[in-house]
Amino acid sequence: QVQLVESGGGLVQPGGSLRLSCKASGSIFGLNAMGWYRQAPGKQREYVALISSRGSINYADFVRGRFTASRDNAKNTVSLQMTNLNPEDTAVYYCWRSGAGWGQGTQVTVSS
């Protein structure tokens, strides 16, 4: 089995930055697609970014160049560097891996 653990969430002011990390551990035999999703209170979980097994990266339209996803294969870690955050970005951010499912999520709150 593969476990996913997110970290890096917290409280940040509008316009600020935050870096999220997701560590995969367990029975990892190769590269799988991994991604970031988020869920705001009272709303459905939505796609943020996806990294394919071959390393290509796609982003949701609302990112608009503000977020950068990356993958460190040697450390089995994916990251999400978020800049120019606004209150609409407030949500629980979840890591996802094909064949493993979801992490526990990490709270991101953008407020002044």
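From a predicted model like this one, the values you see are computed outputs, not experimental measurements.

Q: Can you tell me about the sheet that holds strand E8 (residues 77-82), naming the residues and giving the values?
A: What the four strands build is an open sheet, ordered E1-E3-E8-E7; its pairing is antiparallel. Each having just a single partner strand, strand E1 (2-7) and strand E7 (67-72) make up the two edges of the open sheet. Each strand axis lies, on average, 15° off the axis of its neighbour in the sheet, ignoring direction.

Q: Before we move on, can you summarise the state of the cysteines with the specific residues and values?
A: Evaluation of the coordinates by the stated rule reveals one disulfide. Disulfide pairing is shown between Cys22 and Cys95; the S-S distance is 2.1 Å. Because the sign of the S-S torsion sets the handedness, a value of about -80° for the bond joining Cys22 and Cys95 places this disulfide among the left-handed ones. Placement of Cys22 in strand E3 (residues 18-26) and of Cys95 in strand E9 (residues 91-97) is noted, with a sequence separation of 73 residues between them. For the pair formed by Cys22 and Cys95, the shared burial category is buried.

Q: Can you explain empty space enclosed by the protein? Please cite residues and give values.
A: Throughout the structure, instances matching the rule amount to one cavity of 30 Å³ or more. Taken together, Ile28, Gly30, Leu31, Arg71, Asp72, Asn73, Asn76, Thr77 and Arg97 form the lining of the largest cavity. In terms of residue class, the lining of the largest cavity is built from two nonpolar, four polar and three charged.

Q: Mind laying out the pattern of salt bridges, listing which residues take part and the relevant values?
A: On inspection of all chains with the given rule, the structure shows three salt bridges. Across the pair Arg38 and Asp89 runs a salt bridge, and its minimum N-O distance is 2.8 Å. Note that Arg38 is positioned in strand E4 (residues 34-39) and Asp89 in the loop between E8 and E9, a separation of 51 residues in sequence. Given the relative accessible area of 6%, Arg38 is considered buried. The buried category is assigned to Asp89, whose relative accessible area is 1%. Across the pair Asp89 and Arg66 runs a salt bridge, and its minimum N-O distance is 2.7 Å.

Q: Report on the pairing of strand E5 (residues 46-51), specifying residues and quantitative values.
A: Alignment of E4 against E5, held across five bridges, turns out to be antiparallel. Each bridged residue has a counterpart across the sheet, and for Met34 the counterpart in E5 is Ile51. Hairpin connection of E4 to E5: six residues between the antiparallel strands, including Gly42 at a positive phi of 75°. What sits between the antiparallel neighbours E5 and strand E6 (residues 57-59) is a turn of five residues, in which Gly55 has the positive phi angle 100°.

What counts, and where the lines are drawn
Residues numbered from 1 in each chain as written. Predicted model: local features only at pLDDT ≥ 70, side-chain atom pairs only at ≥ 80, totals over all residues. Heavy atoms only, no water. Pairing = 2+ DSSP bridges. Helix = DSSP H or I, 4+ residues; strand = E, 2+ residues; numbered from the N terminus. Axes fitted to C-alpha atoms, helices over the stretch in contact; angles between N-to-C directions. Disulfide = S-S within 2.5 Å. Buried < 20%, exposed > 50% of the residue type's maximum accessible area, 1.4 Å probe, protein only. 1 Å grid on protein atoms, 1.4 Å probe; cavity = no way out; pocket = protein on both sides within 12 Å on 5 of 7 lines; lining within 4 Å. Points joined across faces, edges and corners; volume = space filled by probe spheres on them. Nonpolar A, V, L, I, M, F, W, Y, C, P; charged D, E, K, R; others polar. Salt bridge = Lys/Arg side-chain N within 4 Å of Asp/Glu carboxyl O.

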